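Structure at a glance
Here's the letter readout for the chains.
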Amino acid sequence: MSEKVVGTINQPKRSSPKFDQLKTTWKRLRKNKAAVVGGFFILLFIFVSIVGPELTTQDPNKVNIINKLQVPSAEHWFGTDNYGRDIFTRIIHGMELTLRVGFLSVTIGGVIGVILGIVSGYYGGKIDTIIMRVMDVLLAFPGILLALAIVSVLGGSLNNVIIAVAVFSIPAFARIVRGSTLSVRKLEYIDAMKALGASDFRIIFKHILPNVMSPIIVQATLRIATAVLTASGLSFLGLGAQPPTPEWGAMLSEGRAFMTEHPHVILFPGMMIVIVVLAFNIFGDGLRDALDPKMNRR
Amino acid sequence: MDTAILEVRDLRTSFFTDDGEVKAVDGVSFVVPQGKTIGIVGESGSGKSITSLSILQLLASSGKIVGGKVLFKGKNLIDYSDREMREIRGNAISMIFQEPMTSLNPVFTVGQQISESLIKHKRLPKREAMARSVELLKLVGIPSPERRVKNYPYELSGGMRQRVMIAMALACDPEILIADEPTTALDVTIQAQILTLIKDLQSRLGMSVIFITHDLGVVAETCDYVAVMYAGQIVEYADVRTLFAKPNHPYTVGLLNSLPRHDIDQDKLVPIKGNVPNVHEMPIGCRFSPRCPAATDLCRTELPELMHAGNRNEVRCWIYSDKWDGETEVDVYGEKRIAKG
Amino acid sequence: MVTYIIRRLLQTIPVLIGVSILVFSLMHLIPGDAAQIMAGEAASEETVEQIREKLGLNEPLYVQYFTYISNAVQGDLGYSVRSGRAVMDEIKVRFWVTAELAFYATLLAVFIGLIAGIISAVRHYTVADVSIMIIALFGLSMPNFWMGLVLIDWFAIGGDWLPDWMKMRPSGWGDSWRQVILPVVTLGTGGAAIIARMTRSSMLEVIGQDYIRTARAKGLSDRIVTYRHALKNALIPVITVVGLEFGAFLGGAVITETIFAINGMGRLTIQAIQTRDFPIVQGTVLVISLLFVFVNLLVDISYRMLNKRIDLN
Amino acid sequence: MAKKELLKVDGLKQYFPIKGGILGRTVNHVKAVDDISFTIYEGETVSIVGESGCGKSTTGRAILRLEEPTEGKVTFNDTELTGISKREMRKHRKDLQIIFQDPYASINPRQTVSNILMEAMTIQKSYPRKERRKRTIELLQTVGLNEYQADRYPHEFSGGQRQRIGIARALSVNPKLIICDEAVSALDVSIQAQVLNLLEDLQEAYNLTYLFISHDLGVVRHISDRVIVMYLGKIVEIGDKLSIFDHPKHPYTKALLSAIPVPDPTREKIHIPLRGDVPSPIDPPKGCRFHTRCPFAQDKCRQEEPLLQTYVSMGEDHQAACHFVEEIERGQLKPKDYRSVMV
Amino acid sequence: GGSSNESDNNGTNDNEDNGTTNEGATGNPVEGGDLVFAVHSEASSLDPGASNDVPSSVVQANIYETLVKRDDENNIIPGLAEKWELIDDTTYEFTLRQGIKFHDGEDFNADAVKASLDRIRDSKVASPRYFLFEMVTDIEVVDDYKVRIKTEYPFAPLLAHLSHNGGSIISPKSIEADYAAIENGKKAGSVISAAPVGTGFFKFVSWTPGNEIKLEKNDDYWGDKAHVDTVTFKVISESATRNADLERGFAQIAEYVQPIEVAGINNSDYGSVNQKASSSLSYIGFNTEKAPFDDVRVRKAISMMVNKTDIIDGVFEGFGIPAKGPLAPGVFGYNEDAHPIEFNPKEAKKLLAEAGYADGFKTKIWTNDNPQRVDIAVLLQASLKELNIDVEIEQLEFGTYLEKTAKGEHDMYILGWSTPTGDADYGMYALFHSSQKGNPGNRSFYENAEVDKLLDEGRRETNLDERIKIYYSIQEQLIEDAPMVYIHHQEYLTGISNQITGFSVDTSGIYQLQQVQFVE
Ligand SMILES: Nc1ncnc2c1ncn2[C@@H]1O[C@H](COP(=O)(O)OP(=O)(O)OP(=O)(O)O)[C@@H](O)[C@H]1O
Ligand SMILES: Nc1ncnc2c1ncn2[C@@H]1O[C@H](COP(=O)(O)OP(=O)(O)OP(=O)(O)O)[C@@H](O)[C@H]1O
Ligand SMILES: [Mg+2]
Ligand SMILES: [Mg+2]
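Residues numbered from 1 in each chain as written. Chains lettered and ligands numbered in written order. Predicted model: local features only at pLDDT ≥ 70, side-chain atom pairs only at ≥ 80, totals over all residues. Heavy atoms only, no water.

What follows is about the coordination of the magnesium ion (ligand 4). Protein-derived coordination of the magnesium ion (ligand 4) comes from Ser-57 of chain D (OG) and Gln-101 of chain D (OE1), at a distance range of 1.8 to 2.1 Å. One end of the pair, Ser-57 of chain D, is in helix α1 (residues 56-63); the other, Gln-101 of chain D, is in the loop between β6 (96-99) and α3 (113-124), and 44 residues separate them in sequence. (Donors = N, O, S within 2.8 Å, 3.2 Å for Na, K, Ca; no water. Helix = DSSP H or I, 4+ residues; strand = E, 2+ residues; numbered from the N terminus.)

Written as structure tokens, this is what we have:
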């Protein structure tokens, strides 16, 4: 091109060529307000869960019966619970654990479920039948029984509740991913990749996965809430956070007896779960948009 | 000239992307006379499809019409509300899309997709609409149409999909048909049949057609007027005979030169050298100047307007202006010569 | 298709065998047995032993399993350890209650979820979208017990603001619509939230496709474009979720059942697990797996109805 | 010159089941490709032309085993592709590429152009990692795209630009044989000329072989060495370019050639119209499949299927499947209904 | 006492006390009406021989009767037997009331008594209540209305045991039918449970599993007839829902009001809460076989750290009586004057130091998911921190909990015990006798030869004064040895609608519905 060719009207300077799809996604993610807000909150949560406990002045487990069930005040921002413990402090101290349970169990369950689902949908036939019937078994299987078995074999630690909740989430991921895979695998660009000699592995993970990503994102971000609640529901089996650990789900269930008379006991942990899940969902929406090249950039 | 049914005036359409504004259509004007066919030809990527999408306001969310008018029977479509536009689309103006596979809904049978507009605009009952769909498929030359209406797009060959698109567009006897590469995937016999069909409708209903194609043979056979587009702008506008007989713009000349012919043997095709300019770094002057064998400094620094080139052609080239400072006889691609005046 | 359905139905056999073996081994793996729990916190070894013998729990495991399976094959699922009633009878009463509850809850979830999801997608990133998301997340994050109790507080006991005829009945199932609404809402909300979010994202995928543009080019109304052209393409993950939710509801909604005193499968299963009432656990799990296989079969068939290209074989 | 057989297609059939009724049983088959055989020699360009829906794309896909052929053998470079495992097949894919008819549907909408091309190279390891980006840009430029477009997504391109992405992808792995399914149909003539020239240059330089599927007979004439004419899943005529274009023998070929529009608005054209409807490939006509539309059709045509063979009046590599080649040639058989149509 | 600590994993134990009639009721009592009773959990069986849980007993007590009954002070009073005498150390003779008919029209007589009591001891039936009559060797029909019960050894609490639900007399016809069913492969008790036939003031009508049990008034009852026409026991596990039903008038009685809800109901205009001290005990047990709890000083030190009133106030909203020892006031043999270990952190610290744990230690406390027990654990954890004892709380599922504590895998645990017979023997034997370690009840694995001896004596001593003395000293010893921290005796809190009157509860948590009447 002639060197006299000069940039004209509104000429944005183009960044250097992006080599990597990840980078592109990252760039688009940064441009997405929702994703930035969601991401900011997630980081904030992580930050708080790491340093937060150092900053609180009160002991999360300090029982003070005289002080019980106080409404929120300057001293106790979120009020106190039925042992007179400061709910705000407990929420800060419980954040790390709650996030860990929610995030890890969804991640583990999600990864396994997605792999099973995508393999099942892509290959179809016998593999599909076997995987899906196993999923049926898992779905139909009462969670408690499974959890009880896990406790009796592995013991009742927090990590094991993560395993248990992860196991519960596998079939949902698997089925959702499989459903979407079934329609994507018939598209012509998958044929095109086959014609290029791409391995099944590559087709599955580079071409099918990104195209079934959005239901996965939705499922994963929503599952976090379910996971936290499920985990707290299992605590009576000895799985999960044991009292007085300030895990939010556990705080919710402990507050149950008092919720009519003293709604704040359950309101704040409940709100926190909503906020965390909201942050993940907003971020997830942003991620979805960033992964969708057709999305209007704003 | 005949009465204009559609007039596009200084249409500008841009896409707003990560990398900034892409001016896909940059000041396009043309007139579609009642009952006539206007062909739009031009380099791939020059904005033909976007022009037609802009007329119907069907751009993707990142695309915006940033200026100009689309006058349909004197009314500016750009001012139309969504509801008013819906009455136009598929009814008064319908469109055949370029990519038949992705433009057809994969989960409905082709019959369902064709009958839909009949139900909407012609208020036909479902069964009649379906019967009419079968007729339409037959009209566009699809064998055993009764069976094919029940097919899903993936069960059809590329040409059949394209014909389904055509049937869909013709369903409501539109006043204007925008056909974006309607016959690219069709073999010549079917193509001839389709072109005959369009001609036929045109004479029967007085339909006007905007025919986007790169097949100059088709243009020669079907169009009354031709607009040649280059880099978002019209560079030449003429009636069809004049254009083929005496192309004026160097780009048009190059285009005709690079055509493979079935009736003669060519050793090597002669394409236009170089590439379409980078949308982000549009030449300030004539957009074809970087590739034009006759370009002068004037061409590289100032953008010419569409002007009359002696005959009835309108052309966007300095050669035909008084400002022209180069040779009076210009050699473009060896064979053709363009004389000033 | 018929062969496919038959084949799928035949697959229930290995599924059921798998499930029963799994249940069987897990029930024996976990501590505590029926005899002990029946005998209570204090019972002499002798008593416990007697009960064990009566229940046939002393036999070697495989003998117990084969006895169970061979009876089950003949349609005899045994007797509840706790109540002594036939397992089939115990399940029958609860099953229809649960099926009904699940059905209504799914209906509600689908109805609300789809509409909310579509609005969200069409009005992408508007106030409506964000509000729907927030409400959905509340619906999902609030534990069912909270939801149930609040509903009872508001609509059953009711503030003074509710006229009497509008008050719902707090407990039970089935006698009147007044008993049905609250539990259905409690159960359906979470599902509605998931369906709404799923529909939204799935619709967003579809809305940018060329064929939507084609539909618009035909002059079709936004409603038809959205509900016919876009939705049908977006429905696969949504249907999957609906199937999962319906299945989960069928498997029992323990908390909802407990709060509203509904006599359903969920409570039966939990109670049976807690009392180590092995025949009941086996029975309920078998029934539920059967249902799941069936529901998932329906889901798979609807995949094909939605998209003929999907090849199930 | 001893020509090396590169691709041999032998008795290839591709039937698609038609599901019917509410129960979705297979009630019938679309006989998209019905027993065709041909050979392509190394370094030549063979075109397939024929009416839309006659099975051209299906042939291409079957050769690549994108759809498992119902019957028949495909031998490539002495390997019988139809007999090897999928894994084995993958090894041969580098040498066999296809440019899809529908460019937009055949590229992953979530990949940028550079990713698409680099991935192709990665899969076949056709260039060292470091050179891939450079090679990508080169490829884009050869097909007439710009470097600045490398990081755009497919939907941001025009139809013709997308088609060029498909071409670039096929070229990126340096194949031996490329099946070009309407590879240049969406390109404007100038770019088309560039691409066709490019293909020819590559052929010369690397002894590439093309199976060129197109309905644009101008392009076909320009590029091919030999031409296959298909009608309703069958080959009706096959021969070198000149025989087909200048001495077509089969009535269908003749009709086809007469239908081509000529880029000259002053010229009056005569099309040989084909009567009647195109028959359906579901239950194709007995005997000669063309008889329902053939102006020369006789009783024999309705009963007996003509074999593909060389008749006396034909060159040695020229074959046609018509009972009456000689009679028509000699003018003994007059068309029944001949009408010229002015366009 | 297994009788009430059943599989109901809510762990609420039965107990007793004199029910105060509800004050809210105004207006005139009327006959008839359907009384709806919102119960927490479903009866497992209506066969007194096949169940051992409170929810079952609550219903059974209305259908069946026993030979003897207990009054509010736990004195034995006549039931189906008019009178009884001790013929020798090991033989009781009962004279039965005449003219009583079972609901199925069968005569009540000595044969029926023998059939019922033999059945519960039959290993074919494998009754979980067998332990009540383990010591019985023979039941002898003297004549139609005289029956003798022989025991292996002198067994003082026999009458108390006979007053227990397990001693219910069942129609012999249904017993026969039940045996016949066993022959056909059915489970023992299935016939009786499906169609229970007794002599009580209510007759069985129907049972919708999981949902409700319906009884109707027995118009032919030999004594004071019930007032209401029918009683429906409706299963509503959620306490808030039970209260809601009470409030809306869908139920007249709501079981197990949560302490925190009491004030709300009492302040309402629809009902009030009936409060009744029970004969049950809640306790924190130590595994006395495991270090450091094998050291009595450690156990005592921990006992001293438990502030019982704090627990009662904090966890139970003040409902309940601090326990001195294992027995509740009102149980036969209760030692009014025992000196409980008082709350005394200083002394505790000292004791612990003496035991060599001045720096504390790490241990675990187990509980099931009963929220009040969890609360107790949390409070204990907080207060033991002061002794540097680091307590980890672990919740276990009830079945697991029972098995693991029976096996002695625990350090500390929280459980309850109830005494449905109202007798000290029931209240202590299984809990503390060394022969009862593990499953039978002694989950602290406590062993004290002296206590063993006294417990055995207590059983055989027929002289009531002597018996009381024995139990007094056992209680003192048990307080001294502190194998468990005796926390409190809970109170039954039952929500009663203003629509009814005449309701009361006994100390073992059995509701007295005979006198209940609707008011207008
Ligand atoms: N969504 C989009 N975002 C950014 N640029 C776009 C988008 N759609 C089209 N363009 C650009 O707009 C220009 C005009 O495209 P258009 O589709 O109108 O070309 P065309 O003339 O129809 O070409 P062809 O003959 O190849 O179809 C092209 O350069 C294309 O890259
Ligand atoms: N997946 C499929 N299922 C059913 N029928 C199919 C399928 N694919 C192709 N067909 C049918 O096979 C026949 C041949 O199709 P093919 O795509 O090979 O045609 P073609 O020669 O490439 O035509 P065109 O020039 O229009 O692309 C057509 O009748 C088509 O309907
Ligand atoms: Mg275009
Ligand atoms: Mg094709």
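So, next bit.
Bringing the site of ligand 2 into the picture now. Ligand 2 sits among 21 residues. The nearest are Glu-155 and Gly-159 of chain B together with Ser-52, Ser-57 and Thr-58 of chain D. Contact distances for ligand 2 include 2.5 Å between an oxygen atom and a backbone N or O atom of Gly-159 of chain B. Between Gly-55 of chain D and ligand 2, the recorded distance is 2.9 Å, taken from a backbone N or O atom to an oxygen atom. Relative to its free-state accessible area of 630 Å², ligand 2 is covered by the protein chains to the extent of 92%. Within the residue set of the shell around ligand 2, elements represented by two or more residues are α7 (158-170) of chain B together with β2 (25-41) and α1 of chain D. Of the residues assigned to the shell around ligand 2, the class counts are 9 nonpolar, 9 polar and 3 charged. (Near = heavy atom within 4 Å. Polar contact = N/O pair within 3.5 Å; in protein donor to acceptor, adjacent residues only side chain to side chain. Areas by Shrake-Rupley, 256 points an atom, 1.4 Å probe, with all protein chains shown as cover. Nonpolar A, V, L, I, M, F, W, Y, C, P; charged D, E, K, R; others polar.)

All names here are of chain E. Here Asp-452 lies in helix α14 (residues 449-460). Although Asp-452 is buried, it forms no salt bridge, and the closest oppositely charged side chain is Lys-437 at an N-O distance of 7.8 Å. Apart from the residues within four sequence positions on either side, Asp-452 is in contact with Phe-432, His-433 and Ser-434. (Buried < 20%, exposed > 50% of the residue type's maximum accessible area, 1.4 Å probe, protein only. Lys, Arg positive; Asp, Glu negative; His and termini not counted. Salt bridge = Lys/Arg side-chain N within 4 Å of Asp/Glu carboxyl O. Contact = heavy atoms within 4.5 Å.)

This brings us to the pattern of salt bridges. Considering all chains together, one arrives at 79 salt bridges over all chains under this definition. The partner of Asp-10 of chain B in a salt bridge is Arg-12 of chain B, and the shortest N-O contact between them spans 3.2 Å. The exposure class assigned to Arg-12 of chain B is partly exposed, which follows from its relative accessible area of 31%. In this structure, Arg-86 of chain B engages Asp-222 of chain C in a salt bridge whose closest nitrogen and oxygen atoms are separated by 3.6 Å. You can see Arg-86 of chain B sitting in helix α2 (residues 82-88) and its partner Asp-222 of chain C sitting in helix α10 (residues 222-251), one on each of two chains. When its relative accessible area of 12% is taken as the criterion, Arg-86 of chain B is described as buried. Several salt bridges share partner residues, and in doing so they unite Asp-128, Arg-175 and Arg-178 of chain A together with Arg-8 and Asp-300 of chain C into one network.

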